[in-house]
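Reading the structure
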Amino acid sequence: NATNKNVIWISSDETVATVKDGKVTALKPGTVKITVKTEDGGKTAECVVQVKAKIIRVESVKITSAPQDNTMEVNDEFAFTVSVLPENATDKSVTWSSSSKSVLSVDDNGKVKALAEGTADIVVKSTDGGLTDKRTITVKSPVVNVTSIEITSKPASNKMTVGDVFEFVAKVSPDNATDKTVKWSSSKTDVVTIDS
């Protein structure tokens, strides 16, 4: 039954929060003291309010770059990239992992190295929400190109008699060439024929 129950509201930092008729509006992260004071007698009460930044949740995670055809050769390296949306998400951090560390290794930045032949999944996971995306990568042995070819077995003096049969031999170098297949042909099949 106090005669004058009117009060005055005060914010210690109106850039952090404002107060009007007891209604507080948060403006930016920080700490502010809200004080209420009676007109009659100047009695006060206080409340400390902490304003936190608004948390914007991650809605999607997508790997945006991966090796062409999702294949790599042993010892190849590739820097995967990821898109985390929305752009203004509060926590856009991610973790990377490999389903087979003996086939593919991956570091904290999404850099992948092919270690051995096989297939493995590279998985990216958002810290916020645990959303994931993955790419299945096949690792192959590196292609070793042919550097030279030489006929190592041929008739003496390069001469044959009608009816003779001779098996030519070709050496493909290097020995570890990926594709050592050769094709034989004769420039005049009415004089000499040769099979595969």
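Right above here is the structure, for reference.
Conventions used here
- Residues numbered from 1 in each chain as written.
- Predicted model: local features only at pLDDT ≥ 70, side-chain atom pairs only at ≥ 80, totals over all residues.
- Heavy atoms only, no water.
- Helix = DSSP H or I, 4+ residues; strand = E, 2+ residues; numbered from the N terminus.
- Rg over C-alpha atoms; globule rule 2.2 N^0.38 Å.
- Buried < 20%, exposed > 50% of the residue type's maximum accessible area, 1.4 Å probe, protein only.
- Contact = heavy atoms within 4.5 Å.
- Areas by Shrake-Rupley, 256 points an atom, 1.4 Å probe, with all protein chains shown as cover.
- Lys, Arg positive; Asp, Glu negative; His and termini not counted.
- Charge placed at Lys NZ, Arg CZ, Asp CG, Glu CD.
- Pairing = 2+ DSSP bridges.
- Axes fitted to C-alpha atoms, helices over the stretch in contact; angles between N-to-C directions.
- Core = buried A, V, L, I, M, F, W, Y, C linked by side-chain atoms within 4.5 Å.

On to the overall build of the chain, then. Helix and strand counts for the chain come out as 0 helices and 16 strands. A globule of 196 residues ought to have a C-alpha radius of gyration of about 16 Å, yet the chain, at 38 Å, is considerably larger. Overall, the C-alpha framework of the chain stretches about 135 × 30 × 20 Å when taken along its three principal axes. In the chain, which comprises 196 residues, the proportion classed as buried is 21%. Put simply, 44% of the contacts in the chain that link residues at least 6 apart link residues at least 24 apart. When the accessible surface of the chain is summed, it comes to about 14,000 Å², and 48% of that surface belongs to carbon and sulfur atoms. Of the charged side chains in the chain, 25 are positive and 26 negative; the average position of the first set lies 6 Å away from that of the second.

This part is about the side chain of Asp-121. Inspection of the secondary structure puts Asp-121 in strand β13 (residues 118-126). Residues contacting Asp-121, with those up to four places away along its chain left out, are Ser-97, Ser-98, Ser-99, Lys-134, Arg-135 and Thr-136.

By definition, the strands of a sheet pair up through backbone hydrogen bonds, in either a parallel or an antiparallel sense. Strands sit in the order β1-β4-β5 across an open sheet of 3 strands; the sheet is antiparallel. Across the chains shown, the open sheet's two edge strands, defined by having one partner strand only, are β1 (7-11) and β5 (44-51). Across the sheet, the mean angle from the axis of one strand to that of its neighbour is 20°, orientation sign disregarded.

The 3 strands are arranged β8-β12-β11 in an open sheet whose pairing can be described as antiparallel. Both outer strands of the open sheet, β8 (77-79) and β11 (104-106), are each paired with one neighbouring strand and no more. Each adjacent strand pair in this sheet contributes to an overall mean axis angle of 20°, direction not counted. One ladder, built from 3 bridges, connects β11 with strand β12 (residues 111-114); its direction is antiparallel. Bridge pairing links Val-106 to Val-112 in β12.

Turning our attention to the nonpolar core. Counting residues in each nonpolar core, the largest one holds 20 residues, and the members touching the most others are Phe-80, Trp-96, Leu-104 and Ile-122. When residues of this core are traced back to their parent elements, those giving at least two are β6 (60-65), β10 (94-98), β12, β13 and β14 (132-140). Top contributing element to this core by residue count: β13, with 3 residues. When residues no more than four places from it in sequence are discounted, the contact partners of Ile-122 are Ile-63, Phe-80, Trp-96, Ser-97, Ser-98, Leu-104, Val-106, Val-112, Asp-133, Lys-134, Arg-135 and Ile-137.

A separate point is the pairing of β13. Relative to β13, β10 runs antiparallel, the two sharing 5 bridges. What sits directly across from Thr-95, in β13, is Lys-125. Sheet analysis places β13 next to β14, joined by 8 bridges and oriented antiparallel. Across the sheet, residue Lys-125 finds its bridge partner in β14, namely Thr-132. Between β13 and β14, which follow one another and run antiparallel, lie 5 residues, and Gly-129 among them has a positive phi close to 90°.

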